[in-house]
Structure formats: C-alpha cells, structure tokens
Amino acid sequence: MSNVLTALSMSVAGVTTTRKFSIALSGNYVQYVAPATGELIDLTTLVNTPQIDGFKSFLDALIAGPYPLQVPGGYTVEFIAVAGQPYQYVMKIYTTAATELAAAAYPAGI
C-alpha cells in the first residue's frame, strides 16, 4: 500500500494561510537509502489537488529550514526532495536525534 496524502482544509486570516493535511502511511516503515528509496510522499497523488502547491511550499520550507518537524509520539520527521522529481519527497522518521526508525511496522504513536 502506498502513502496517501490528503488536503483537509485551508483558511486565510489576514496575511496568514493555514493548511491542514493528513498522511495515511503504508503498513511498514521503509528506511531511507540515498538517493530516493524509503517512504515516498508523492504530491501528484494528493487528494484535493488544488492544495498541491501549498503543501509543496510547506515541504520545501521544511527542507530549507534548520529544524525538524515534531510529530505525535515524540518522533521527528525530515523530508528529502527526490532529485529530478519536483513533487516527490522521501520521509525519514527519527526516534531520537540521529537514530532513524527501524524498518518495520509503524509504532502506534505515528
């Protein structure tokens, strides 16, 4: 089963735009191996397609920023752009600093 990305909502308040997305992950985590093996997030399959550029901008900002994305369960997530594929990213999940989640079924917290 592939990962499914869904745009949930978008709201604008003044100069701030808020976008909410959900990612339904495949049954097992696949560790990252350069250049593009791992948990693929393919924005071309985004449900509610008008939101695709907003999510792409969000991921591009995360990649450019010096900070990891905090997710429930105490995990952090990093997104890596796939070279030559402007709408594809590989997602890496960390259990602690510099320790990638083991290749196996996703823990309940994710």
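Enquirer: Any chance you could break down the overall build of the protein for me, citing the residues and the numbers?
Expert: Broken down by element type, the protein carries one helix and seven strands. The helix and strand sequence of the protein, counted from the amino end, reads β-β-β-α-β-β-β-β. Here the protein holds 110 residues, and the buried ones make up 31% of them. In the protein, of all internal contacts separated by at least 6 residues, the share reaching a separation of at least 24 is 48%. Total accessible area computed for the protein in this model is approximately 6400 Å², and 60% of it derives from carbon and sulfur atoms.

Enquirer: For the side chain of Lys-92, give the residues involved together with the corresponding values.
Expert: Secondary-structure assignment places Lys-92 in strand S6 (residues 88-96). Here Lys-92 is buried and forms no salt bridge, its nearest opposite-charge partner Glu-78 lying at an N-O distance of 4.2 Å. In this structure Lys-92 touches Tyr-29, Tyr-32, Thr-76, Val-77, Glu-78, Ile-80 and Glu-100, once residues within four positions along its chain are discounted.

Enquirer: Account for the packing of aromatic side chains, naming residues and giving values.
Expert: The relative placement of two aromatic rings is captured by the distance of their centres and the angle of their planes. Counted according to the given criterion, the structure contains one aromatic pair. Between Tyr-29 and Tyr-106, the ring centres sit 5.9 Å apart and the planes meet at 70°, which makes this aromatic pair edge-to-face. Of this pair, Tyr-29 sits in the loop between strand S2 (16-24) and strand S3 (39-42) while Tyr-106 sits in the segment after strand S7 (99-100), placing them 77 residues apart in sequence. Taking relative accessible area as the criterion, Tyr-29 reaches 2% and is therefore assigned buried.

Enquirer: Let's hear about the environment of Gly-27: which residues, and what values?
Expert: Topologically, Gly-27 is positioned in the loop between S2 and S3. When the C-alpha atoms of Gly-27 and Asn-3 are compared, they prove to be 9.1 Å apart, with 24 residues separating the residues in sequence.

Enquirer: Describe in detail the confidence of the model for the protein, supporting the description with residues and values.
Expert: Here the protein averages 78 in pLDDT, while 87% of its residues score no lower than 70. Taken element by element, the predicted model of the protein shows its lowest mean pLDDT in helix H1 (residues 52-64) (73) and its highest in S7 (91).

Enquirer: Before we move on, could you go through the nonpolar core and cite the residues and values that matter?
Expert: The biggest cluster of nonpolar side chains holds 15 residues, and the ones touching the most others in it are Ile-41, Leu-43, Leu-59, Phe-79, Met-91 and Ile-93. If near-sequence neighbours (up to four positions away) are discounted, Leu-59 is found in contact with Leu-43, Phe-79 and Tyr-89.

Enquirer: Describe unusual backbone geometry, listing the residues and the values that go with them.
Expert: The phi angle at Ala-98 is positive, at roughly 65°, despite the residue not being glycine. Relative to the assigned elements, Ala-98 resides in the loop between S6 and S7.

Enquirer: Run through the pairing of S6, naming residues and quoting values.
Expert: The buried fraction of S6 is high, at seven of nine residues. Sheet topology note: the S3/S6 ladder contains four bridges and is antiparallel. If you follow Asp-42 over to S6, its bridge partner there is Gln-88. Both strand S5 (residues 75-81) and S6 contribute to a ladder of six bridges, which runs antiparallel. What sits directly across from Ala-81, in S6, is Tyr-89. The loop that links S5 with its antiparallel partner S6 comprises six residues; one of these, Gly-84, has a positive phi angle of about 80°. Note that S6 and S7 share two bridges and pair antiparallel. Paired with Tyr-94 across the two strands is Glu-100, which belongs to S7. In this antiparallel pair of consecutive strands, S6 and S7, the connection spans two residues, and Ala-98 shows a positive phi of 65°.

Calculation criteria
- Residues numbered from 1 in each chain as written.
- Predicted model: local features only at pLDDT ≥ 70, side-chain atom pairs only at ≥ 80, totals over all residues.
- Heavy atoms only, no water.
- Helix = DSSP H or I, 4+ residues; strand = E, 2+ residues; numbered from the N terminus.
- Buried < 20%, exposed > 50% of the residue type's maximum accessible area, 1.4 Å probe, protein only.
- Contact = heavy atoms within 4.5 Å.
- Areas by Shrake-Rupley, 256 points an atom, 1.4 Å probe, with all protein chains shown as cover.
- Lys, Arg positive; Asp, Glu negative; His and termini not counted.
- Salt bridge = Lys/Arg side-chain N within 4 Å of Asp/Glu carboxyl O.
- Phe/Tyr/Trp six-rings, centres within 6.5 Å; stacked < 30°, edge-to-face > 60°.
- pLDDT = per-residue confidence, 0-100.
- Core = buried A, V, L, I, M, F, W, Y, C linked by side-chain atoms within 4.5 Å.
- Pairing = 2+ DSSP bridges.

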